[in-house]
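Understanding the architecture of this molecule
Chain by chain, the residues:
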Amino acid sequence: MPIVKSKYHRRPWYFLNGHFETIIPSLFFKVDGVNYQRERLELEDGDFLDLDWVRGDNKRLIVLSHGLEGSADRHYIKRPAWYFSQRGWDILAWNNRSCSGEMNRLPRFYHHGATEDIAAVIERGLQEAYDEVVLIGYSMGGGMQQKYLGERDPDLRIKGAVSFSVPCNVQESAELLKVGINRIYENKFIVKLRDKILTKSELIDLPVDIEVIRKVKNFKELDENFTLKVHPEYEDANDFYARITSDQFLPNIKVPLLIVNALNDPMLGEKCYPTKLADSSKNIFLEMPKIGGHVGFTLPKDQWSYMEYAADSFIKEVIPSSQTSTKPH
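Residues numbered from 1 in each chain as written. Predicted model: local features only at pLDDT ≥ 70, side-chain atom pairs only at ≥ 80, totals over all residues. Heavy atoms only, no water.

1. Description of the packing of helix α3 (residues 115-126) against helix α4 (residues 140-150)
Applicable threshold: Lines fitted to C-alpha atoms define the axes here, with helix axes fitted over just the stretch in contact, and angles between the N-to-C directions of these axes take values from 0 to 180 degrees. In this text, helices come from DSSP runs of H or I with a minimum length of four residues, and strands from runs of E with a minimum of two, each type numbered from the N-terminal end. Roughly parallel means an angle under 35 degrees; roughly antiparallel means over 145; roughly perpendicular covers 65 to 115; every other angle is labelled oblique. Should any heavy atoms of two residues lie within 4.5 Å, those residues are counted as being in contact. Polarity classes work like this: nonpolar for Ala, Val, Leu, Ile, Met, Phe, Trp, Tyr, Cys and Pro, charged for Asp, Glu, Lys and Arg, and polar for all others, with Gly in that last group.
Interhelical geometry of α3 versus α4 gives an angle of 80 degrees and a closest axis separation of 9 Å. Relative to α4, α3 is oriented roughly perpendicular. Contact residues: Thr115, Ile118, Ala119 and Ile122 in α3; Met144, Gln145, Lys147 and Tyr148 in α4. Of the residues that constitute the contact of α3 with α4, the class distribution is five nonpolar, two polar and one charged.

Okay, here's the thing in structure tokens:
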């Protein structure tokens, strides 16, 4: 399919660049009006995932996947949960291991390629006998669902997917976060993940050197000294990045997928914009607004972001019977 011409052209005047568009919503945006019903999903490996449902006795389900160190309580998850639950959809917003407010049981946490977890979540949703399922993922969550869709033949009830601000090439994005002002994002993630590891070390024995963990400063150091220790199936950091990155799975996706990656996203490198694939694929739709930041896409004087409207519009194309409504911009 051709590259999608973006309709996102207007942002609040004080969002001066991609950093403002990324940081301000992350720090200050809150969403009220979403009442989750929590379910604990026990996993085959002895761990668990916490699922947050919004049920309305509908026959259609949207599965929402959050980004790195996010949760179902983040504004960019609660906002589409509210938006689509008002438009005839049930919502299943899931929390990655350690992200629900309670530490998980096993030494491992989660990572971009951990599709065994999103697969368990989707399977749980399908048990409810929905007629139609759509996946919507943000940043890391978008990469997870892309890899999930590309490495298997999905259930026929999964009609399509939408991904926002996805680091389709994990290694390139990790390298980009080492440069200049982008270090503020890497530092934020590293501090949170390092603190989680230290907390977990007080609860269970970990196959890592805690004193080394206290000193890690970037993703490569964290992955070499923690991730690879709890995931011995990977040979080294390069093998880890090569196997978990989602861009290699995109050509295999058999349902319509919309990728919306802003050109001014401070966390995405050139390889995160698969233009050649979008030009030749019948299932990959790529939208590249000039503005938007990372999981930003804020609209002036609007309770919704462009992401809800873009997903809604795409779902109408994916599922013609959908009765969702879209506000033009």
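2. Side note on unusual backbone geometry
Defined as follows: Any residue under 20% of the maximum accessible area for its type is buried, any over 50% is exposed, and the rest in between are partly exposed; the area is computed with a 1.4 Å probe on protein chains only.
One non-glycine residue, glutamate 69, adopts positive backbone phi at about 55 degrees. Relative to the helices and strands, glutamate 69 is located in the loop between β3 (60-65) and α2 (75-85). One non-glycine residue, serine 98, lies in the positive phi region at around 80 degrees. Mapped onto the elements, serine 98 comes out in the loop between β4 (90-95) and α3. Classification of serine 98 by relative accessible area gives buried; the value is 9%.

3. Thoughts on the confidence of the model for the protein chain
We count it as follows: Confidence of the predictor in every single residue is expressed as pLDDT, which spans 0 to 100.
Model confidence for the protein chain is summarised by a mean pLDDT of 94, while 96% of its residues fall at 70 or above. The low-confidence segment residues 322-329, where pLDDT is below 50, has 26 contacts with residues more than four positions distant or belonging to other chains.

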